[in-house]
Amino acid sequence: MHGFANPARFLRMARWLTPLLLALGLVLAGTALAWGVFVAPADVLQGETVRIVYLHVPTAWLGMGGWTAIAVASLSELVWRHPLAGIAARAVAVPGAAFTALCLVTGSVWGRPAWGTWWVWDGRLTSMLVLLFLYLAYTALADAARRDGEGASRVPAIFGLVGAVNIPIIHYSVLWWNSLHQPPSIALGQSAMAPEFLVPLLVSTVGFSLLFGALVLMRMRAILAEQQAEARLRRKAMA
Amino acid sequence: MTHEALNQWTYVIAAYAVGLAGTAALVLQSWWAMRRAEARRDAVKGKGPVRNGES
């Protein structure tokens, strides 16, 4: 793990891993979505709208998983001072925010025919909206810290750790409070879903996760390249 | 029944249109930002052409 904190070693690995994750992610996610729309059956209760699950659940998983990654990277940055940890956290923020927003939009579009309303202020929906605001605040903080110099990067790292308190709230919200949102259908080792729904959902989740990995690598490479260019320009200016 | 089914597909298509467009935009923006930043770094290092507006 510590070995990958070396930027040069990371770049060597990222150069071949980025297109591999991108291609695998696009193929798996595309196949799963086509499977969900054209092959998987409609649900007895929800009809055709159940097909939104193959898009909605991966985006929700990645919205929550993204912040978990920010929290782990922030902890690494604060405790072990890994040079890549802060860059990784910054790289996760925009894709995490985008997938959280997509989760909210697809959930709202699903909620209209399923619940008869676009939005309710219940625990699950509200905590997901809070997660989107946390991502936006983190992005603003990280940008400000980057402009102010390296010492200020501790502020977004602390924010990334503190914000992680929202993740268990999102997960348990449907159990703690009354909600229109259904309780978890999938847990470790067990599922309330029939295999004809579960298999394309799992394939879609894996595909979108690989795509998310490729997005994070691309953004890390962009941040590293910007830093290297700026460092080179500073050295040239001082010479 | 037919009217209800059509309505349901409208919601499915809307969700997929938003989801796929958003994902595609994110992938293209990230790829473009990476290529642009790496091209600028290489140009600064003297490995490639320096584009307009880049020193």
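Residues numbered from 1 in each chain as written. Chains lettered and ligands numbered in written order. Predicted model: local features only at pLDDT ≥ 70, side-chain atom pairs only at ≥ 80, totals over all residues.

> Can you tell me about the environment of T126(A), naming the residues and giving the values?
Mapped onto the fold, T126(A) is located in helix α4 (residues 123-148). For the pair formed by T126(A) and T100(A), sequence separation is 26 residues and the distance between their alpha carbons is 12 Å. (Helix = DSSP H or I, 4+ residues; strand = E, 2+ residues; numbered from the N terminus.)

> So what's going on with the interface of chain A and chain B? Which residues, and what values?
Counting residues at the interface gives 27 residues for chain A and 25 residues for chain B. Of all the secondary structure elements, the ones that give two or more residues to the side of chain A that touches chain B are α2 (53-79), α3 (85-115) and α7 (195-238) of chain A. Across the side of chain A that touches chain B, the residue classes tally to 15 nonpolar, five polar and seven charged. (Contact = placed C-beta atoms within 7 Å. Nonpolar A, V, L, I, M, F, W, Y, C, P; charged D, E, K, R; others polar.)

> Go over the environment of L11(A) with me, naming the residues and quoting the values.
Residues and elements named next belong to chain A. Tracing the backbone shows L11 in helix α1 (residues 7-39). Residues L11 and H56, spaced 45 residues apart in sequence, show a C-alpha to C-alpha distance of 32 Å. Apart from the residues within four sequence positions on either side, L11 is in contact with R221 and L224.

> Would you mind going over the nonpolar core in detail, with residue names and values included?
In this structure, A88(A), A93(A) and M220(A) are the most contacted members of the largest nonpolar core, which totals 74 residues. Only α1, α2, α3, α4 and α7 of chain A together with α1 (2-45) of chain B provide two or more residues apiece to this core. For this core, the element with the most residues is α3(A), which contributes 18 residues. Look past the residues within four positions of A93(A) in its chain and what remains in contact with it is I70(A), Y135(A), Y138(A), T139(A) and A142(A). (Core = buried A, V, L, I, M, F, W, Y, C linked by C-beta atoms within 7 Å. Buried ≥ 20, exposed ≤ 12 C-beta atoms within 10 Å, placed from the backbone.)

> Quick one: what's the story with the packing of α2(A) against α3(A), residue by residue and with numbers?
All names here are of chain A. It is the contact of α2 with α3, at a shortest axis distance of 7 Å, that shows an interaxial angle of 155°. In terms of their interaxial angle, α2 and α3 are classed as roughly antiparallel. As α2 packs across α3, the resulting crossing turns out to be left-handed. Taken together, the residues that form the contact of α2 with α3 break down as 17 nonpolar, eleven polar and one charged. (Axes fitted to C-alpha atoms, helices over the stretch in contact; angles between N-to-C directions. Parallel < 35°, antiparallel > 145°, perpendicular 65-115°, else oblique. Left-handed = near helix turned anticlockwise from the far one by under 90°.)

> Go over the packing of α4(A) against helix α5 (residues 154-163) of chain A, please, and point to the residues and values.
Residue and element names in this part refer to chain A. It is at 9 Å that the axes of α4 and α5 come closest, and there the two elements cross at 165°. Classed by the angle they form, the pair α4 and α5 counts as roughly antiparallel. Note on packing geometry: the crossing formed by α4 with α5 is left-handed. Taking contact as the criterion, the partners of L134, Y138, L141, A142 and A145 in α4 are, on α5, V155, P156, F159, G160 and G163. Partitioned by chemical class, the residues of the contact of α4 with α5 number eight nonpolar, two polar and no charged.

> I'd like to hear about the confidence of the model for chain B, residue by residue, with values.
This prediction gives chain B a mean pLDDT of 82; 73% of its residues lie at or above 70. Confidence estimates for the predicted assembly give a pTM of 0.89 and an ipTM of 0.88. (pLDDT = per-residue confidence, 0-100.)

> Would you mind going over unusual backbone geometry in detail, with residue names and values included?
Residue and element names in this part refer to chain A. In the Ramachandran plot, R81 falls in the positive-phi region, its phi being about 55° despite a non-glycine side chain. Assignment of secondary structure puts R81 in the loop between α2 and α3. Owing to 10 C-beta atoms within 10 Å, R81 belongs among the exposed residues under this scheme.

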